[in-house]
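Here is how the chains run, residue by residue.
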Amino acid sequence: MRSVPRRRLTVLTLVAILAVAVVAGLIASHRTSAHDRDDAAHAAAGQPLPLTVSTAPAGRAIPPGFLGLSLEYPAVEAYAGSDPKAVNPVFEQLIRNLAPGQAPNLRIGGDTTDWTWWPVPGVAKPHGVRYTIGDNWAAVTSALAHGVGARLILGINLELDSKADAATEARALLAAIGPDSIQALELGNEPELYGSFSFYKNAAGRHFNGRPAGYDFSKYLSDFARIAGSLPDVPLAGPATGGPKWIPELGRFLRAEPRVTLATLHRYPLQLCFRPAASPAYPTVAHILAPTASEGLADSVAPLVGAAHSRHIALRIDEMNSVSCGGAPGVSNAFASALWVLDSVFEMARVGVDGVNIHTYPKAPYELFTFAHDGDSWSGSVAPEYYGLEMFAQAAPAGAHLLKTTGSLGNIRAWATRAPNGTIHVVLINDYTAQSRTIALRVPGAGGTATLERLRAPGVSARTGVTLGGQSFGTATTTGLLSGPSDATTVKAANGDYLVKLPQASAAMLTLSH
């Protein structure tokens, strides 16, 4: 991901991204159109839409640490504070919420991977470096990681093209944080764009790219191997690319780099940079709720899962959010983003990826939370999108299996899981922004009382007033926990069906205890 002043998305890259999305979208739209006809028939007749949940698993178990966060380097101290002895407890709890009972996964990198350095003794700060890290940053990161029991993916500067700088940064981070807390070092960020955007400008105002025009995958492989050779003998991650012309090269990359134990890709469904308003990839509420933004996004990486797993390597989408270029106000910070992310993370689980890291950093429209610090006290404000992540975390604990569902639901998304203890969660997402729907849910063998909690807001574009099960983080939270009275209700099966009414632009989770 690149911030607006230096977003690394060329017009050709964007066209290619759109082509992938359109192909996936045609498949998704074909499926949905038939469903819409059935949905319309049921709606016209005033009948509930039928949905059957099978008890047969539909894929692998959800791995521990599946849902994580991705932070820019400066975001660590912005969120955790600058005192390693007093890390922001609200931030820590918001991390824990997304991986209850698990080791959370935190990726630190993004744009600032290639804008950051650890000072090398006797060496002047290089051109292109915008952020310097040192002992205090590392101490805060170490305290945060150990405080929540996190596993870290740490970006190492590749664009600087310096073995000495990369080695110094890697060794310092390993020494300060400890190898047990570091899953992998991720060398570079979105290298497919090094030859397209300015890395720095000189005193005369002349811009210089990180690599020459025409920088291609073969040259990248050579750079990766050369710089990686200078790093300590620890697991590596890559290629940290979101380019549609580079993503298919994942298998080639993994064959060439045996030290890579974690494959990483980036995905954003919509783009703000260079997009005309008429484009289907331009940020709007309608576009973020379209099947191409969730189902299509997952389908675009599905073929790469096998390429990684065939080599016994995990694949993480270690940078994902709603809109590239930092997000779009009115979409990324609206309740629509909660519905999108809830569906999209399930979609990524469906295609078999091993984890997803949602990207956030201060002042981005898609920022998940902000914090205030007054003396020894911290408080946080939580964005709508985070509520969608929390519902996923509740519905898909580590070890849970997705279950097969059948039904003609139109724009209703349905997901079901069975937890290791046998509890079944069914998540229903109503992407209709002006129509409610009623679902007749049937689970073979189930007939007892179920619990229903809802994810809702005053409207699809609402930025406040979001609740999950009637609870919220309020305008400010000092605990990082949902609070307030729960409005969860019980639902009894009638003739084998659980009837669930879904208001427009909302989601619900039905839980059947074992």
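Residues numbered from 1 in each chain as written. Predicted model: local features only at pLDDT ≥ 70, side-chain atom pairs only at ≥ 80, totals over all residues. Heavy atoms only, no water.

> Just checking my understanding: could you explain the pattern of salt bridges for this structure?
Where side chains of opposite charge bring their charged atoms close, a pairing between them can arise. The tally for this structure, following the rule as stated, stands at 16 salt bridges. Here Arg211 ties to Asp161 by a salt bridge, and the two come within 3.7 Å at their closest N and O atoms. Linking Arg211 in the loop between strand E9 (207-209) and helix H6 (217-228) with Asp161 in the loop between strand E6 (151-156) and helix H5 (163-177), this pair joins segments that are 50 residues apart in sequence. Between Asp343 and Arg413 there is a salt bridge, with the nearest N and O atoms lying 3.9 Å from each other. On the criterion of sequence distance, the pair formed by Asp343 in helix H11 (residues 335-350) and Arg413 in strand E19 (residues 412-418) is long-range, its members being 70 residues apart. Side by side, Asp343 and Arg413 carry an identical accessibility label, which is buried. One network of salt bridges, in which partners are shared, links Arg107, Glu186, Asp318 and Glu319. (Salt bridge = Lys/Arg side-chain N within 4 Å of Asp/Glu carboxyl O. Helix = DSSP H or I, 4+ residues; strand = E, 2+ residues; numbered from the N terminus. Buried < 20%, exposed > 50% of the residue type's maximum accessible area, 1.4 Å probe, protein only.)

> Quick question: what am I supposed to make of the packing of aromatic side chains here?
Both the distance between ring centres and the angle between the ring planes are used here to describe each pair of aromatic rings. Inspection of every chain in the model, using the stated rule, returns 25 aromatic pairs. With a centroid separation of 4.7 Å and 70 degrees between ring planes, the pair formed by Phe346 and Phe392 is classed as edge-to-face. Taken together, the residues span a long stretch of sequence, with Phe346 in helix H11 and Phe392 in helix H12 (residues 384-395) at a distance of 46 residues. Considered together, Phe346 and Phe392 belong to a single accessibility category, that of buried residues. (Phe/Tyr/Trp six-rings, centres within 6.5 Å; stacked < 30°, edge-to-face > 60°.)

> What am I meant to see in the environment of Arg107 here?
For Arg107, the location among the structural elements is in strand E3 (residues 105-109). Beyond its immediate chain neighbours, meaning those up to four positions away, Arg107 contacts Leu69, Ser70, Leu71, Ile153, Glu186, Asn189, His266, Asp318, Glu319, Asn357 and His359. Of the polar contacts made by the side chain of Arg107, one reaches the side chain of Asn189; its length is 3.0 Å. (Contact = heavy atoms within 4.5 Å. Polar contact = N/O pair within 3.5 Å; in protein donor to acceptor, adjacent residues only side chain to side chain.)

Geometry only, nothing functional implied.
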